[in-house]
Amino acid sequence: MIKIAIMGYGTVGSGVYEVITTNQAVVDKNVGEELRIKYVLDLREFPGDPVMDVLTHDFEEILNDDEVKVVAEVMGGLRPAYDFTKRLLMAGKSVCTSNKELVAEHGAELIEVARAHGANYLFEASVGGGIPIIRPLNTSLTADVILEISGILNGTTNYMLTKMSQEGLDYDDVLKEAQAKGYAELHPEADVEGFDACRKIAILTSLASGQQVDYKDIYTEGITKVTVEDFTYAKKMGRAIKLLGVSKKVGDTYCAMVSPVMIGSSNPLYMVNDVFNAIFVKGNMLGDSMFYGSGAGKLPTASAVAGDIVDAARNLGAVTPVFWSQEKLALAPVSEMKHRFFLRVKGAVSVLGMEKIDAGIEGEVGILTPSMTEAEYQELAKGLNVISMIRVEE
């Protein structure tokens, strides 16, 4: 029998407990022996909940119990999650997590600590919720050079943009609705300012490159400035607006950014709506592939954590290779990234080579540039009275 622990009994932690106890027979079959939850760590009490039978308030109890071989870290944040995770790995216990903040900041280090102590650090649930993407990048696609990763990596913002497009709601109204439905937090900055998507594209780029990508180096722009008028133009152009995390290979490195993007109907991400996520991967041999599914939520994320627990339990004493070193990757300057740009410009304007879009909005016109670098766009914009700009990908 293999004993495990769960650290944190919030949304994801309670989901992990539910997945394992509900699907106990399937979990045992796939592990090859019985797997049981011995501890759930949380500071709170849960009267009437069956978890009370295994609840502990003391991390040291888990750390010092030699029976516990695998631990799910679903606490979130950096502290005390980082300290707890590192000590568990140093004790030879494998750790599975959904904590994208911790993985983005310390993933390479924790992988090395795990390797040095015969354990595994697994983090499938840190990107895309229930969508399997970490394991394919680390196993199935290791013979390919990854040329591009682009994705809808945040369910909250995708839900909000979908509602703005379909119902003509403005940003403030759709944010209130997302908060009322539990899709957005009371303080939603991590989602709406793009920070969550930034950490996820940093993790994916780290795996694609095999080096540490610092999310603080990635240009990040959220959805707070997207307006109803932007969607009026997008519909006129037959396009959708999505918040994308994009990473493209440039020479020996990658160029990465997070921003709202207008995409055409031929783009595989065009029809990804509501809280769903999708990740598009282009390999130099594979070509194009897309991973799609529930990108957030209690059970999809918990399912991914539980999958890692099963994997860790099946491979006790065997280290699963993860190709992500602590050597920092210097990203290419974002000024070199190329797109087309959609601009809303005050008054009449005539710019050579630009496509005009008239959406019937008085006092302004839309223009679509040819493909150019971010640096070239900055020069162009100096001569125009720009109301707003959104990047454009086909």
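One structure accompanies this document, and this report is about it. Source: prediction; values computed, not measured.

What about the pattern of salt bridges?
One side chain can pair with another of opposite charge once the charged atoms of both are near each other.
Piece 1. Per the counting criterion, the structure on display carries 32 salt bridges.
Piece 2. A salt bridge links glutamate 177 to lysine 181, with the nearest nitrogen and oxygen atoms 3.9 Å apart.
Piece 3. Residue glutamate 177 is classed as partly exposed on the basis of its relative accessible area, which comes to 22%.
Piece 4. Note on lysine 181: relative accessible area 48%, which makes it partly exposed.
Piece 5. Here arginine 340 ties to glutamate 355 by a salt bridge, and the two come within 3.6 Å at their closest N and O atoms. Highlighted residues: arginine 340 in strand 13 (residues 338-346) and glutamate 355 in strand 14 (residues 355-357), separated in sequence by 15 residues.
Piece 6. Within this structure, Lys3, Lys38, Asp65 and Glu67 form a network of salt bridges that share partners.

A word on helix 10 (residues 195-209)
Piece 1. The first and last C-alpha atoms of helix 10 sit 21 Å apart over 15 residues, in line with the 21 Å expected at 1.5 Å per residue.
Piece 2. Counting buried positions over the 15 residues of helix 10 gives twelve, a clear majority of the element.
Piece 3. Residues of helix 10 that are buried include every one of Asp196, Ala197, Cys198, Arg199, Lys200, Ile201, Ala202, Ile203, Leu204, Thr205, Ser206 and Leu207, and no others.
Piece 4. Looking one or two residues beyond helix 10, the residue adopting positive phi is glycine 210, at roughly 80 degrees.

So, the packing of aromatic side chains
Piece 1. Under the defined criterion, the tally for this structure stands at nine aromatic pairs.
Piece 2. Arranged with centres 4.9 Å apart and planes meeting at 75 degrees, the rings of tyrosine 9 and phenylalanine 46 form a pair that is edge-to-face. A residue pair is termed long-range when its members are at least 10 positions apart, and tyrosine 9 in the loop between strand 1 (2-7) and helix 1 (11-22) and phenylalanine 46 in the loop between strand 2 (35-41) and strand 3 (55-56) qualify at 37 residues. The pair tyrosine 9 / phenylalanine 46 is uniform in exposure class, with both members buried.

A word on empty space enclosed by the protein
Piece 1. Enumeration over the complete set of coordinates arrives at two cavities of 30 Å³ or more.
Piece 2. The space that makes up the largest cavity amounts to roughly 60 Å³.
Piece 3. Lining the largest cavity are Ile111, Ala114, Arg115, Ala119, Asn120, Tyr121, Val319, Thr320, Pro321 and Val322.
Piece 4. Take the lining of the largest cavity: its biggest share by element is three residues, from helix 5 (residues 100-116).
Piece 5. Per-class residue counts for the lining of the largest cavity are seven nonpolar, two polar and one charged.
Piece 6. Considering only enclosed or pocket space, the second largest cavity measures out at about 40 Å³ in volume.

What counts as what
Residues numbered from 1 in each chain as written. Predicted model: local features only at pLDDT ≥ 70, side-chain atom pairs only at ≥ 80, totals over all residues. Heavy atoms only, no water. Salt bridge = Lys/Arg side-chain N within 4 Å of Asp/Glu carboxyl O. Buried < 20%, exposed > 50% of the residue type's maximum accessible area, 1.4 Å probe, protein only. Helix = DSSP H or I, 4+ residues; strand = E, 2+ residues; numbered from the N terminus. Expected span 1.5 Å × (residues − 1). Phe/Tyr/Trp six-rings, centres within 6.5 Å; stacked < 30°, edge-to-face > 60°. 1 Å grid on protein atoms, 1.4 Å probe; cavity = no way out; pocket = protein on both sides within 12 Å on 5 of 7 lines; lining within 4 Å. Points joined across faces, edges and corners; volume = space filled by probe spheres on them. Nonpolar A, V, L, I, M, F, W, Y, C, P; charged D, E, K, R; others polar.

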